[in-house]
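Understanding the architecture of this molecule
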Amino acid sequence: MITTVGRRRTAAVLLALAAFLAPAATPAGAAVHTPAVHARAIPEPSPAEHARDELAELTVAEPHSMAGYSRAKFPHWVKQYGECDTREVVLARDGEGVTQDELCRAGTGVWLSPYDGKVLTAAAQVDIDHVVPLANAWRSGADEWTTAARKAFANDLEHSQLIAVSAASNRSKADKSPDQWSPPDPAYWCTYSRAWIDVKHLYRLNVTEPEAARLTEMLDTCA
């Protein structure tokens, strides 16, 4: 599990790197803003012991059919406030020294991808990952939801469902469940399993037997 001291140390490293990489001056006429949402923290999932209880309460079932699935049935990224959509809010929240233009598009900043430990220095290198992928949610019960419910799931900023990661790790993960893919950095397995379980429990999504077994193994890495 990542400790408070560890988080502070990581934040200090990123802030120092952001300061080092920041341009000496802003070009004339360029509108740059430091987003207020930057102060928000990534939602913390349930503690490991609570996550074990949540996992035990999940329905174990075979995956639903992918018939009819489309990412368009999970509308994202939606406007959260002003010109800021969900992606831009997460970029601002999860990065250090992030600036945005008048359209809320991220400019400078530094992001630490917790999946693989990569330090990213451009928003184009960052993907916003759905911890429980949209296609996995569809196979787990979201095929029976309304579009409004799927929209809420795909843009959930209140729980541990959205996180800024390296594009490479996100695309490697795709729509795989934990028994098929785990973060390359084992130090993140505890947090990842807790977040996955928390989201599935909150949205009453199913798990498969191999998925539940792997999540139990990942919880065992929690200190």
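Scroll up for the structure.
Figured I'd write up the structure that's included with this text. Because the structure is predicted, anything quoted here is derived from the model rather than measured.

Another aspect to go through is the packing of aromatic side chains. Taken as a whole and judged by the stated rule, the model has twelve aromatic pairs. For the ring pair Tyr-115 and Tyr-188, a centre distance of 5.9 Å and an interplane angle of 55° mean the geometry is tilted. With Tyr-115 in the loop between strand S3 (111-112) and strand S4 (119-120) and Tyr-188 in the loop between helix H6 (167-173) and helix H7 (189-202), this residue pair connects regions lying 73 residues apart in the sequence. Taking the relative accessible area as the measure of exposure, Tyr-115 reaches 0% and is therefore buried. Here the aromatic rings of Trp-181 and Tyr-192 are separated by 6.0 Å at their centres, their planes lie at 70°, and the arrangement is edge-to-face. With Trp-181 in the loop between H6 and H7 and Tyr-192 in helix H7, this residue pair connects regions lying eleven residues apart in the sequence. Of the two residues, Trp-181 and Tyr-192, neither departs from the other in class, the shared state being buried. Cluster of aromatic residues (ring-pair linked, three or more members): Tyr-69, Phe-74, Trp-138, Trp-145, Phe-153 and Tyr-203. Of note, Arg-150 hangs over the ring of Phe-74, and the distance from its end group to the ring centre comes to 5.8 Å.

What follows deals with helix H3 (residues 86-94). Among the nine residues of H3, eight are classified as buried, and the element is accordingly described as predominantly covered. Taken together, the buried positions of H3 are occupied by Thr-86, Glu-88, Val-89, Val-90, Leu-91, Ala-92, Arg-93 and Asp-94. Of the surrounding secondary structure, the elements contacted by the buried residues of H3 are strand S1 (79-81), strand S2 (84-85), S3, strand S5 (126-130) and strand S6 (162-166). Where H3 starts, the residue carrying a side-chain oxygen 3.2 Å from the main-chain nitrogen of Arg-87 turns out to be Asp-85.

Let's shift gears to the state of the cysteines. For the coordinates displayed, the defined rule picks out two disulfides. The disulfide partner of Cys-84 is Cys-104, and the gap between their sulfur atoms is 1.9 Å. On the sign convention where negative means left-handed, the S-S torsion of about 95° between Cys-84 and Cys-104 marks this disulfide as right-handed. Of this pair, Cys-84 sits in strand S2 while Cys-104 sits in the loop between H3 and S3; the two residues are 20 residues apart in sequence, bridging distant segments of the chain. In this pair, the class of Cys-84 matches that of Cys-104, namely buried. Between the sulfur atoms of Cys-190 and its disulfide partner Cys-222 the distance amounts to 2.1 Å. In this structure the cystine formed by Cys-190 and Cys-222 twists about its S-S bond by roughly 105°; its chirality is therefore right-handed. Note that Cys-190 is positioned in helix H7 and Cys-222 in the segment after helix H8 (209-219), a separation of 32 residues in sequence. When the cysteines engaged in disulfides are numbered in sequence order, the protein pairs them as 1-2, 3-4.

What follows deals with the nonpolar core. Judged by nonpolar contacts, the single largest core of 33 residues is most densely connected at Phe-74, Tyr-115, Phe-153, Tyr-192 and Leu-205. Sorting the residues of this core by element identifies helix H2 (48-57), helix H4 (134-139), helix H5 (147-154), S6, H7 and H8 as the ones contributing at least two each. With six residues, the top contributor of residues to this core is H7. Residue contacts for Leu-205: discarding those within four places in its chain leaves Leu-58, Val-132, Ala-137, Ser-140, Gly-141, Ala-142, Trp-145, Phe-153 and Lys-200.

Definitions and cut-offs
Residues numbered from 1 in each chain as written. Predicted model: local features only at pLDDT ≥ 70, side-chain atom pairs only at ≥ 80, totals over all residues. Heavy atoms only, no water. Phe/Tyr/Trp six-rings, centres within 6.5 Å; stacked < 30°, edge-to-face > 60°. Helix = DSSP H or I, 4+ residues; strand = E, 2+ residues; numbered from the N terminus. Buried < 20%, exposed > 50% of the residue type's maximum accessible area, 1.4 Å probe, protein only. Lys NZ or Arg CZ within 6 Å of the ring centre and 35° of its normal. Contact = heavy atoms within 4.5 Å. Polar contact = N/O pair within 3.5 Å; in protein donor to acceptor, adjacent residues only side chain to side chain. Disulfide = S-S within 2.5 Å. Core = buried A, V, L, I, M, F, W, Y, C linked by side-chain atoms within 4.5 Å.

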